[in-house]
Amino acid sequence: MEVYTDGYVCRLRILRYKYGISVRELAQHAGISFQYISSIELCQKTGSAAARKRIAEALQSILQSRLSGSEENLCEFHSLRSHLFDKVKESEVMMDGK
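Structural notes, computed from the coordinates. Think of each chain on its own: its residues are numbered from 1, step by step along the sequence as written. At least 70 in pLDDT is required for a residue's local features to be given in this predicted model, at least 80 for side-chain atom pairs to be given and counted, and no such filter applies to totals for whole chains, interfaces and linings, which use all residues. In computing side-chain values, all of the structure's heavy atoms are included and hydrogens and water are not.

Focus on the packing of helix α4 (residues 49-65) against helix α5 (residues 71-80)
Packed helices, taken two at a time, are described by the angle between their axes plus the distance between the axes. Only C-alpha atoms enter the line fits that serve as axes; for helices the fit covers just the stretch in contact. Angles between N-to-C directions range over 0 to 180 degrees. To qualify as a helix, a DSSP run of H or I must reach at least 4 residues; to qualify as a strand, a run of E must reach at least 2; elements of each kind are numbered from the N terminus. Look at α4 against α5: their axes get within 9 Å of each other, and the N-to-C directions meet at 160°. Relative to α5, α4 is oriented roughly antiparallel. Crossing of α4 against α5: the hand is left-handed. On the side of α4, the interface is formed by A56, L59, Q60, L63 and Q64, while α5 contributes N73, L74, F77 and H78. Angles below 35 degrees are treated as roughly parallel, those above 145 as roughly antiparallel, those between 65 and 115 as roughly perpendicular, and all remaining angles as oblique. Handedness of a crossing follows from how the near helix is turned relative to the far one, being left-handed for an anticlockwise turn of less than a right angle and right-handed for a clockwise one. Throughout, a contact is declared for two residues whenever any of their heavy atoms are within 4.5 Å.

Looking at the packing of aromatic side chains
Stacked, tilted and edge-to-face are the three classes assigned to paired rings of Phe, Tyr and Trp, where Trp is represented by its six-membered ring and a pair needs centres within 6.5 Å; plane angles under 30 degrees give stacked, over 60 edge-to-face, the rest tilted. Taken as a whole and assessed by the stated rule, the structure comprises zero aromatic pairs. The ring of F34 carries the charged tip of R24 above its face, separated from the ring centre by 3.8 Å. Our definition puts a charge over a ring when NZ of Lys or CZ of Arg is within 6 Å of the ring centre and also within 35 degrees of the ring normal.

Quick word on the pattern of salt bridges
Any carboxyl oxygen of Asp or Glu within 4 Å of a side-chain nitrogen of Lys or Arg constitutes a salt bridge here. One pass over the structure, following the stated rule, counts four salt bridges. Measuring nitrogen to oxygen at the nearest pair gives 3.1 Å for the salt bridge that ties K18 to E76. With K18 in helix α1 (residues 11-19) and E76 in helix α5, this pair connects stretches of sequence that are 58 residues apart. The rule is simple: take the accessible area with a 1.4 Å probe, protein chains only, and divide by the maximum for that residue type; under 20% is buried, over 50% is exposed, in between is partly exposed. E76 gets classed as buried once you look at its relative accessible area, which sits at 15%. Of the charged contacts in the structure, one is a salt bridge between E57 and K53, with a shortest N-O distance of 3.9 Å.

A short note on α1
Here α1 lies mainly inside the structure; seven of its nine residues are buried. Positive backbone phi, at 70°, marks G20, one or two positions downstream of α1.

What about unusual backbone geometry?
The bulk of non-glycine residues show a negative phi, and the bulk of peptide bonds are trans. Of note, C43 is a non-glycine position whose phi angle comes to about 60°, a positive value. Within the element layout of this structure, C43 appears in the loop between α3 (34-41) and α4. Its relative accessible area of 33% is what places C43 among the partly exposed residues.

Topic: the environment of A58
As for its placement among the helices and strands, A58 is situated in helix α4. Distance from A58 to Q28, taken between C-alpha atoms, is 8.6 Å for residues 30 residues apart in sequence.

So this is what it looks like as structure tokens:
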């Protein structure tokens, strides 16, 4: 995962990488362009409330469809859902594995 100049990305990006979900897959499920999602993940845009809801629902839907081995991921997602769009220091989050 590339680290950007200020080292901050949206937690969504960390979780998406962790769960093996491409930005294109997430965009397709959410009905939102992958460029828009990418700009949200890189903290270049905050995204509208409606877009954020669609992205969160799409991520949840993808995880549920992969549920066979992903119950732990879904539990983690639920615990972090309200913080999905928080700005976090990428290097610290990757070291913690959260």
